[in-house]
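# Fold and contact review
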Amino acid sequence: MALILLATIIVFQYYATKQSYQYNDNMFNFKVTVAMTSVVKRILAINQDPAPTEPVKQLTDNYFVANVNDTPQPYLLETLLREEFQKEQLTDDFEYGIYDCFNDSIVFGSRVEFDEPLGVVQQEKVDIDIPVNMDGHYFGVRFPNKSTSILKELNIEKYAVILVVFIIAFFGYTIFLMLRQRRLSEVKTDFINNMTHELKTPISTIGLSADVLSNPNVQKDEERLKQYVAIIKSESDRLKSQVEKVLQLATLTPRKANLNKDRLDLHKVILGAVATVQPALEESSGKIEVKLEAANPIIHGDPVHITNVIYNLLDNAQKYNDKDPLISIATKNEGGKLFITISDNGVGMKPAQLRMIFDKFYRVPTGDLHNVKGFGLGLFYVKTIVKAHKGKITVESTPGEGSSFTIIFNSSL
Ligand code: ADP
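Residues numbered from 1 in each chain as written. Predicted model: local features only at pLDDT ≥ 70, side-chain atom pairs only at ≥ 80, totals over all residues. Heavy atoms only, no water.

### Describing the packing of helix α8 (residues 303–319) against helix α10 (residues 378–388)
One way to put it is that α8 packs onto α10 with a least axis distance of 9 Å and a crossing angle of 145°. Crossing angle aside, the handedness with which α8 passes α10 is left-handed. Along its contact with α8, which presents His305, Ile306, Asn308, Val309, Asn312, Leu313 and Asn316, the element α10 presents Gly378, Leu379, Tyr381, Val382, Ile385 and Val386. Of the residues belonging to the contact of α8 with α10, the class tally is eight nonpolar, five polar and no charged. (Axes fitted to C-alpha atoms, helices over the stretch in contact; angles between N-to-C directions. Helix = DSSP H or I, 4+ residues; strand = E, 2+ residues; numbered from the N terminus. Left-handed = near helix turned anticlockwise from the far one by under 90°. Contact = heavy atoms within 4.5 Å. Nonpolar A, V, L, I, M, F, W, Y, C, P; charged D, E, K, R; others polar.)

Rendered as structure tokens:
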């Protein structure tokens, strides 16, 4: 709807501007014809000759010729042209040429700039050609800047055009905001569904345990009492840590990351993270290939956060995988930088999804399936931490084939 409205405004504006231009163009031609007719009349009056009915002809858009009975004297012609044009408020620069039918050539040509007063009239090379099908003596006038000067006159239209451009920009921005809003609201709904799902289980476990505890028989049985109290305690701890994690991550920014940077050997961090994921990987018949080829694996970084970053990427490589996971982690140095690439043979992502995976709470929609747990904060955290280290993260992925994440840090010594 907004787009139709916008297109209508643009079309209307285009036609309005075109019409105004046409009108101003006609006015210009009319004034030139009137002024040149007066010049012809005044020249002929000197010789007391009668004026022809229509002495002026427009040959092209900016070229006019006028019949006179004799070759006019340049100074006189220029003076009269200036006077008559000024009367019609035509102050455009012009070129004129005087044609002599006896030797069939332009015998005099000059260029007139209104800012400069009439001095000695001098012959100049001008762009006045000899028109065909004209008999007798005549002079020609050309306005080289006609269309620019008409455009200048369209001042009001100019403001209208600016206004339309402004409206278009405004509309464009509104549509952009609307789309972004829609996406945010989808992400929010997904997040709430996800959160509800994740929190419901511990809450119902706590509720059930409390129900059991309210049973007098259980209260008498010290062993079961202890068992259920322990369940409530551990579930409430799990809830607490989950909520805290979400709140903490959701408010994270590169500035707030609070890094404790130190000289950090990335290879050590990688080997530590690989050891952590290894047991779960073996359980799902997965393999991890480690190719640490960087001669200088040292960066200036926070050991805890960087370990989390590597762990998160390895964890995703294993989580978002429907085959036997085959993960590779490699490092190299290039141009004073350290590259860490983590690739997998997992489910992959579409280009439209790739653009959003680093956004807070974004998860690739999987319908109502909650087979892989998460809040869509892992990659947001990864990107925030990489940014806080002045690094970069890129991703390449093919649906059904796998993904590859590359982090680039500045090497340190
Ligand atoms: P979470 O794992 O908590 O959902 P992330 O921010 O880590 O959140 O990831 C966001 C989304 O990106 C995930 O929902 C998943 O669909 C997709 N994703 C992340 N890593 C991979 C990967 N290696 N392969 C395929 N999809 C991935």
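There is more to say, and it comes next.
### Details of the sheet that holds strand β10 (residues 337–343)
Remark on secondary structure: sheet strands pair via backbone hydrogen bonds, oriented parallel or antiparallel. Pairing in this open sheet of five strands is mixed, and the strands run β7-β9-β10-β12-β11 from one edge to the other. Among the strands making up the open sheet, the edge pair consists of β7 (287–292) and β11 (392–398). Here the average twist between neighbouring strands, direction ignored, is 15°. Sheet topology places β11 next to strand β12 (residues 402–410); seven bridges connect them, and they run antiparallel. Among the inter-strand pairings, Thr394 is bridged to a residue of β12, identified as Thr406. Each of β7, β9 (326–334) and β10 touches helix α7 (residues 266–283); the most contacted strand, β7, lies at about 170° to it. Most of the contacts of α8 go to β9, to which it runs at about 140°, and overall it touches β7, β9, β10, β11 and β12. (Pairing = 2+ DSSP bridges.)

### Remarks on the packing of aromatic side chains
Aromatic rings considered in pairs are described by the distance between their centres and by the relative angle of their planes. By the definition in use, this model includes 13 aromatic pairs. When the ring of Phe85 is compared with that of Phe94, the centres are 5.0 Å apart and the planes differ by 85°; the resulting orientation is edge-to-face. There is no split in this pair, since Phe85 and Phe94 are both buried. Relative to Tyr138, the ring of Tyr99 lies with its centre 4.4 Å away and its plane at 25°, an arrangement referred to as stacked. With Tyr99 in strand β3 (residues 94–100) and Tyr138 in strand β5 (residues 137–142), this residue pair connects regions lying 39 residues apart in the sequence. (Phe/Tyr/Trp six-rings, centres within 6.5 Å; stacked < 30°, edge-to-face > 60°. Buried < 20%, exposed > 50% of the residue type's maximum accessible area, 1.4 Å probe, protein only.)

### Brief notes about the packing of α7 against α8
It is the contact of α7 with α8, at a shortest axis distance of 9 Å, that shows an interaxial angle of 35°. The crossing of α7 and α8 is right-handed. Residue-level contacts link Leu266, Val269, Ile270, Ala273, Val274, Thr276, Val277, Ala280 and Leu281 of α7 to Ile306, Thr307, Ile310, Tyr311, Leu314 and Gln318 of α8. The residue makeup of the contact of α7 with α8, split by class, is twelve nonpolar, three polar and no charged.

### Considering unusual backbone geometry
One non-glycine residue with positive phi stands out, namely Gln89, at about 55°. Take Gln89: it is sitting in the loop between α2 (74–87) and β3. Taking the relative accessible area as the measure of exposure, Gln89 reaches 65% and is therefore exposed.

### Observations regarding the sheet that holds strand β1 (residues 56–60)
Read across the open sheet, the five strands follow the order β1-β2-β5-β3-β4; overall the sheet is antiparallel. Two strands bound the open sheet, and with one partner strand each, they are β1 and β4 (105–112). Along the sheet, successive strands turn relative to each other by an average axial angle of 20°, direction set aside. Relative to strand β2 (residues 63–68), β1 is paired through four bridges, and the arrangement is antiparallel. Bridge assignment links Val56 to a residue of β2, and that residue is Ala66. Each of β3, β4 and β5 touches α2; the most contacted strand, β3, lies at about 140° to it.

### Brief notes about the layout of surface pockets
Of the voids in this model, the second largest pocket is the one considered here, and its volume is about 220 Å³. If you trace the second largest pocket, you find 14 residues lining it, with Glu78, Ser110, Arg111, Glu116 and Glu124 closest to the centre. Where the lining of the second largest pocket is concerned, the elements lending two or more residues are α2 and β4. Broken down by element, the lining of the second largest pocket gets its largest block of residues, three residues, from β4. Looking at the lining of the second largest pocket, its residues break down into five nonpolar, three polar and six charged. (1 Å grid on protein atoms, 1.4 Å probe; cavity = no way out; pocket = protein on both sides within 12 Å on 5 of 7 lines; lining within 4 Å. Points joined across faces, edges and corners; volume = space filled by probe spheres on them.)

### Here's the deal with the side chain of Ser110
Here Ser110 shows up in strand β4. In this structure Ser110 touches Glu78, Phe94, Glu95, Tyr96, Gln122, Glu124 and Val126, once residues within four positions along its chain are discounted.

### Notes on helix α3 (residues 146–153)
Residues of α3 that are buried include every one of Lys146, Ser149 and Ile150, and no others. Across the axial projection of α3, the buried residues extend over an arc of 100°, all falling on one side. (Arc of directions from axis to C-beta.)

From the geometry alone we can't say anything about function, so treat these as descriptive.
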